[in-house]
Amino acid sequence: MEDSRRKFIKQSALVTAGLLASKVSWSAKSYSRIMGANDRVRVGVVGFSDRHKSTHIPCFMNHYKELNFDVVAVSDIWNRRREEGAAAWKEKMGHDIVACRNNDELYSKKLVDAVFISTADFQHAYHAAEAVKAGCDAYVEKPFAETMEDNRYAFKVIKASDRIVQIGSQRRSGSNYMAAEEFIKSGKFGPITMVELSWNVNQPGRWRRPDVVPMLKEADTDWKRFLINRPNDTFDPRKYLEFRLFWPYSSGLPGQWMSHQIDTVHWFSGLKHPRSVVANGGIYAWKDGRKNWDTISAVFDYGPLDDASNGFQVTFGSRMHNGDEHPAEIYYSNGGELNLNTNMVSPKGGLTDKMAKAMDMKANLLPEVALSNTEAAVVSANTGGDKLTSNHVRNWMECVRSRKQPHAPVEAGYSHSIATIMTNAAVHTGAKVTFDEKTQEVMADGKVFKF
């Protein structure tokens, strides 16, 4: 295991230097895995997680018969989840499922053409690169990466391949979000001046697993394999199962919720990452031993890197102790707002004739425009087995067959990870955090941010 960890760290460094990409090549042989219309796509499950059970399974079941996909294997390092996963998928598919102790075993058996990846947050990038190097397409849950080392490594490996990788940013498969992108990019909205993002709940048990934690014993899993490239640490079932509450296994609120919403900013604006971010917050309500904040306010500056006079502000606010889980995304221009809760463009807050005349200006008021709202019922809901995610999984499955790029390719994951890592750096340092384009590093107080 130590050799594996050292190899990963060494490869990360090589990729940063631009050396690994040349080692990953795809000959005509690699296309032997591209499926014809009558060939069944064999899917493996990397991590039989709660996310996989509640979301991937129902979404996959919506489309697998029509698109001729099959689940044939489950890989999980915890024997309990491995057995549960094999049994659950056997019931769904009606045939035996191969249960693998780890991903090395999964890929060595040459069982699968594609995989679902829904492991711990910090593992996504490594597992995505691992899948691609094994010749598999992948549906990879967000956040894509929690450190720039992992982000750069996986991005380079994936870009050097011919594999279809869909990042789990399912808003990109919503017709209302597509309509919003089109409206903004058409110029009809005018320049974005501000974006307000929020995600509030009142759930002391969110990301907790008190019933399952006592079941996990070190002998029943592979703790060293779980850690991958994180510092050696004493076995802790809470960090394993409630990883979203503990850095460096997750950034918590930025990686879990902000990554979804900040992705729309990059998508709609065409910008790849913030120019800077500051953040404040703390653990104000749920003092249960967690290390990641239960409350955060982050403020971003976005705009062209070569023109500081142009740009806009983005705010992200989240609290876990008061709210009804109706995430809000509101885009503002001088002429009004685009609201992705109401799925409406409106002149609300726009420059009225009265206020314009006072400065010898013309009024600027957007028309009332309804965005496509076929996903309206789930835009404000949680991210379970919903229409958005079902669309997103289907898009990935279709692209596995067509070999076209999916709605959320690896570039989307790379960008939202930069914003997430910048925010986490601001949380841990209290600094105004920036991004160095040349080195592709997150900078806090003039230093590269490291966990």
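Everything below is about the structure shown above.
For the structure given in this document, a descriptive report is provided here.

So, about the pairing of strand β16 (residues 441–444). Neither face of β16 is open: one carries Glu441 and Met443, the other Val442 and Ala444, and all of them are buried. With four bridges joining them, strand β15 (residues 433–436) and β16 adopt antiparallel strand pairing. Residue pairing across strands places phenylalanine 435 opposite valine 442, the latter belonging to β16. In sequence, β15 turns back onto β16 through a hairpin of four residues, with glutamine 440 there showing a positive phi of about 55°. The pairing of β16 with strand β17 (residues 447–448) spans two bridges and is classified as antiparallel. Bridge assignment links methionine 443 to a residue of β17, and that residue is valine 448. Hairpin connection of β16 to β17: two residues between the antiparallel strands, including aspartate 445 at a positive phi of 55°.

Turning to the nonpolar core, a few remarks are in order. In this structure, Tyr331 and Leu338 are the most contacted members of the largest nonpolar core, which totals 99 residues. Of all the elements, helix α14 (residues 410–429) adds the most residues to this core, at ten residues. When near neighbours in sequence (up to four residues on either side) are disregarded, tyrosine 331 contacts Ile184, Phe189, Ile192, Met194, Val195, Thr264, Val265, Phe268, Gly336, Glu337, Leu338 and Leu340. Val43, Trp89, Met93 and Ile97 belong to the second-largest nonpolar core, a separate cluster that totals 25 residues.

What follows concerns the packing of helix α10 (residues 253–269) against α14. Contact geometry for α10 and α14: axes closest at 9 Å, N-to-C directions at 125°. It follows from the interaxial angle that α10 and α14 lie oblique. Judged by the sense of rotation from one axis to the other, the crossing of α10 with α14 is right-handed. Note on element contacts: α14 touches α10 through Ala412, Ser415, His416, Ala419, Thr420 and Thr423, opposite Pro254, Gly255, Met258, Ser259, Ile262, Asp263 and His266. When its residues are assigned to classes, the contact of α10 with α14 shows five nonpolar, seven polar and one charged.

What follows covers the environment of threonine 420. By secondary structure assignment, the location of threonine 420 is in helix α14. For the pair threonine 420 and leucine 253, spaced 167 residues apart in sequence, the C-alpha separation works out to 9.2 Å. Sequence-distant contacts of threonine 420, that is, excluding residues within four places in its chain, are made with Glu146, Ser251, Pro254, Gly255, Met258 and Ser259.

On to the layout of surface pockets. Of the volumes computed, that of the second largest pocket is approximately 260 Å³. Lining the second largest pocket are 16 residues; nearest its centre among them are Lys272, Glu411, Ala412, Tyr414 and Ser415. Of all the secondary structure elements, the ones that give two or more residues to the lining of the second largest pocket are α10 and α14. Counting residues per element, the lining of the second largest pocket draws most heavily on α14, at five residues. For the lining of the second largest pocket, the per-class residue count stands at eight nonpolar, four polar and four charged.

Attention shifts here to the sheet that holds strand β7 (residues 194–200). Taking strand neighbours across the sheet as the criterion, the eleven strands line up as β14-β13-β12-β11-β7-β10-β9-β8-β15-β16-β17 in an open arrangement whose pairing is mixed. Of all the strands in the sheet, the pair left with one neighbour each is β14 (369–370) and β17. Direction of pairing for strand β11 (residues 328–333) relative to strand β12 (residues 336–339): antiparallel, over a ladder of four bridges. Among the inter-strand pairings, tyrosine 331 is bridged to a residue of β12, identified as leucine 338.

Calculation rules
- Residues numbered from 1 in each chain as written.
- Predicted model: local features only at pLDDT ≥ 70, side-chain atom pairs only at ≥ 80, totals over all residues.
- Heavy atoms only, no water.
- Buried < 20%, exposed > 50% of the residue type's maximum accessible area, 1.4 Å probe, protein only.
- Helix = DSSP H or I, 4+ residues; strand = E, 2+ residues; numbered from the N terminus.
- Pairing = 2+ DSSP bridges.
- Core = buried A, V, L, I, M, F, W, Y, C linked by side-chain atoms within 4.5 Å.
- Contact = heavy atoms within 4.5 Å.
- Axes fitted to C-alpha atoms, helices over the stretch in contact; angles between N-to-C directions.
- Parallel < 35°, antiparallel > 145°, perpendicular 65-115°, else oblique.
- Left-handed = near helix turned anticlockwise from the far one by under 90°.
- Nonpolar A, V, L, I, M, F, W, Y, C, P; charged D, E, K, R; others polar.
- 1 Å grid on protein atoms, 1.4 Å probe; cavity = no way out; pocket = protein on both sides within 12 Å on 5 of 7 lines; lining within 4 Å.
- Points joined across faces, edges and corners; volume = space filled by probe spheres on them.

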